[in-house]
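Summary of the model geometry
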Amino acid sequence: MKSISNEKFNTKDFNPSRLTFARTRRGFKKADLAKKIGVTPRSITGYESGEFPPELERLEQLAVALKFPKDFFLDEEAIEQVEADAVSFRAMSKMSATLKNMAIGAGTIAIQLNAWIENKFQLPAPDLPELGRNIDPEAAAEALRNYWGLGEQAVSNMVHLLEAKGVRVFSLAIEAKEVDAFSMWRDGTPFVFLNTQKSAEHSRFDAAHELGHLIMHRHGQPHGQEAEKEANAFASAFLMPEKSIRAKQLYFPTLDSLVKAKKYWKVSVSALNYRLHALAFTTEWANRSLCIQISQAGYRTSEPNEVPRETSQVLDKVFNALRTEGVSKADVARELKITTYEIDELTYGLLKIGLVPERDDGLRSDISHQSSKPKLSVVK
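1. Structural notes on the overall build of the protein chain
Helix and strand content of the protein chain: 16 helices and three strands. Relative to its 380 residues, the protein chain shows a buried fraction of 51%. Of the contacts made within the protein chain by residues no fewer than 6 positions apart, 71% connect residues no fewer than 24 positions apart. Entry remark: accessible area of the protein chain is about 18,100 Å², with carbon and sulfur atoms responsible for 48%.

Here it is in structure tokens:
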């Protein structure tokens with residue numbers, strides 16, 4: 001790894017493309033970044049175009065402002081960014097280019113972090129079946145539940161389930177309601193990014209929604225309103241199977257009964273109300289009446305009796321194992337030429353620091369150290 005000092009810094013080592021990546025990752029426009037470090041926008045343009053490199057003092061200011069180490073900007077390799085067409089963004093029309101670039105930047109760094117982890121640990125292999133094109137969302141949800149042997153039971157933990165089936169789950173710590181979650185396939189590995197600043201029920205539905213994209217839109221661009229409707233229908237059916245709903249006999253639901261019943265499936269009041277109407281448990285009038293009551297109660301922005309937030313078992317196991325071996329988060333960041341801030345952003349709300357994960361949804365709580373790669377196993 002190349003490191004720099006006042007004596008050794010060579011301006012020829014500066015990689016302009018990495019500055020562009022770091023700036024867009026943090027959501028800065030050129031003018032905003034220029035103002036932050038006390039230069040003109042023309043200087044930022046010059047740095048990024050390769051016309052001239054920043055002086056050491058400016059590079060240090062850029063590193064602080066963008067929360068990347070100086071060494072990051074001196075790596076000669078270009079960042080292999082995630083292609084926007086490969087990502088399932090929700091509400092594309094409402095999402096600014098700045099937010100989209102921030103999210104794509106998170107995905108790009110997560111791929112590097114995941115590669116580093118896979119080089120040290122043997123993670124669960126992807127186990128998402130090929131269901132074919134143009135499959136009905138309800139049928140897709142049922143087929144996947146059958147394939148995974150879930151039956152009609154409620155999913156106790158969506159994050160743990162995804163990880164047990166080989167999906168790499170990271171957080172998307174962006175404070176913007178337009179960015180709920182996104183997913184993508186990368187070299188045969190599925191990734192899901194969740195906005196962990198939403199309610200726990202919201203994040204569970206987002207996880208199921210992105211699972212729908214991974215299952216149903218694997219070979220096509222997962223964009224457009226139709227694809228989003230399909231993913232929503234899949235998530236609803238996957239989290240609340242029809243037979244499970246009918247077994248509860250919620251034929252004349254009230255707001256109070258919805259609040260009580262939602263605990264079983266760990267979904268939002270709105271999601272349960274929508275599912276009941278989709279299955280013809282309620283009339284159009286009853287559905288609208290409940291929607292109004294849900295809004296008046298403030299349950300669209302603040303979920304009643306929120307369930308515990310789901311955390312990652314894989315990331316917990318990995319970082320606990322690394323700490324046991326004397327490897328700190330700072331050591332990982334140094335190898336990847338990023339800061340611990342970046343790792344925190346990708347694991348925000350997903351880690352239970354210092355706690356040993358309990359067994360749940362198929363992942364063992366033990367990590368085998370009998371080989372060069374500690375193995376995170378799936379219980380068959």
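2. As for the nonpolar core
Among the nonpolar cores identified, the biggest contains 106 residues, and Phe73, Met158, Leu211 and Phe238 are the most heavily contacted of them. Sorting elements by how many residues they give to this core places helix 5 (residues 97-120) first, with eleven residues. In this structure, Met158 is in contact with Arg204, Ala207, Ala208, Leu211, Phe238, Leu239 and Glu310, ignoring residues within four places of it in sequence.

3. Some words on helix 12 (residues 269-278)
When helix 12 is considered as a whole, its buried residues turn out to be Val269, Ala271, Leu272, Asn273, Arg275 and Leu276. Considering only its buried residues, helix 12 is in contact with helix 6 (137-148), helix 8 (200-216), helix 9 (225-239), helix 10 (242-248), helix 11 (255-265) and helix 13 (284-296). Phi for Ala280, located one or two positions after helix 12, is positive at around 65 degrees.

4. A look at the sheet that holds strand 2 (residues 181-186)
Read across the open sheet, the three strands follow the order 1-3-2; overall the sheet is mixed. Looking at strand neighbours, the two that pair on one side only are strand 1 (168-171) and strand 2, the edges of this open sheet. Strand after strand, the sheet turns through a mean of 20 degrees between neighbouring axes, direction not considered. Where strand 1 and strand 3 (residues 189-194) come together, four bridges link them in parallel fashion. If you follow Ser171 over to strand 3, its bridge partner there is Leu194.

5. Notes on the environment of Phe28
With respect to the helices and strands, the residue Phe28 is situated in the loop between helix 1 (16-25) and helix 2 (30-37). Put simply, Phe28 and Thr98 are 70 residues apart on the chain and 7.7 Å apart in space, counted from C-alpha to C-alpha. Once you skip the residues sitting within four places of it in the chain, Phe28 turns out to touch Arg23, Leu33, Lys36, Ala65 and Leu66.

6. Comments concerning the pattern of salt bridges
Counted according to the given criterion, the structure contains 18 salt bridges. As a salt-bridge pair, Glu80 and Arg186 come within 3.2 Å of each other at their nearest N and O atoms. Here Glu80, found in the loop between helix 4 (56-66) and helix 5, pairs with Arg186, found in strand 2; they are 106 residues apart in sequence, far enough to count as distant. What makes Glu80 exposed here is its relative accessible area of 61%. Overall, the relative accessible area of 19% leaves Arg186 in the buried class. For Glu138, the salt bridge is made with Arg275, and the minimal N-O distance between the two is 2.7 Å. With Glu138 in helix 6 and Arg275 in helix 12, this pair connects stretches of sequence that are 137 residues apart. Each of Arg18, Asp75 and Lys337 takes part in salt bridges that share partners, so that together they form one network.

7. Points about the packing of aromatic side chains
Counted under the stated rule, the structure contains 15 aromatic pairs. Between Phe72 and Phe73, the aromatic rings sit 5.4 Å apart at their centres with planes inclined by 90 degrees, giving edge-to-face as the arrangement. Here Phe72 and Phe73 have matching classes, each one buried. Among the aromatic residues, those joined into a cluster by ring pairs are Phe14, Phe21, Phe68, Phe72 and Phe73. Positioned above the aromatic ring of Trp185 is the side chain of Arg218, whose terminal nitrogen or guanidinium carbon lies 3.7 Å from the ring centre.

8. Re the pairing of strand 3
Among the six residues in strand 3, six count as buried, and that is most of the element. Residues Thr189, Phe191 and Phe193 of strand 3 are buried on one face, and the alternating residues Pro190, Val192 and Leu194, pointing to the opposite face, are buried as well. One ladder, built from six bridges, connects strand 2 with strand 3; its direction is antiparallel. Considered in strand 3, the bridge of Trp185 is made with Pro190. Hairpin connection from strand 2 to strand 3: two residues lie between these consecutive antiparallel strands, with Asp187 at a positive phi of about 55 degrees.

9. Points about the environment of Leu59
Here Leu59 lies in helix 4. With 40 residues separating them in the primary sequence, Leu59 and Leu19 have C-alpha atoms 9.7 Å apart.

10. A word on the side chain of Ser171
Mapping Ser171 onto the fold places it in strand 1. Residue Ser171 is classed as buried on the basis of its relative accessible area of 1%. A distance of 2.6 Å separates a polar atom in the side chain of Ser171 from the backbone oxygen of Glu345. Here Thr347 takes part through its backbone nitrogen, which lies 3.3 Å from a polar atom of the side chain of Ser171.

About the criteria used
Residues numbered from 1 in each chain as written. Predicted model: local features only at pLDDT ≥ 70, side-chain atom pairs only at ≥ 80, totals over all residues. Heavy atoms only, no water. Helix = DSSP H or I, 4+ residues; strand = E, 2+ residues; numbered from the N terminus. Buried < 20%, exposed > 50% of the residue type's maximum accessible area, 1.4 Å probe, protein only. Contact = heavy atoms within 4.5 Å. Areas by Shrake-Rupley, 256 points an atom, 1.4 Å probe, with all protein chains shown as cover. Core = buried A, V, L, I, M, F, W, Y, C linked by side-chain atoms within 4.5 Å. Pairing = 2+ DSSP bridges. Axes fitted to C-alpha atoms, helices over the stretch in contact; angles between N-to-C directions. Salt bridge = Lys/Arg side-chain N within 4 Å of Asp/Glu carboxyl O. Phe/Tyr/Trp six-rings, centres within 6.5 Å; stacked < 30°, edge-to-face > 60°. Lys NZ or Arg CZ within 6 Å of the ring centre and 35° of its normal. Polar contact = N/O pair within 3.5 Å; in protein donor to acceptor, adjacent residues only side chain to side chain.

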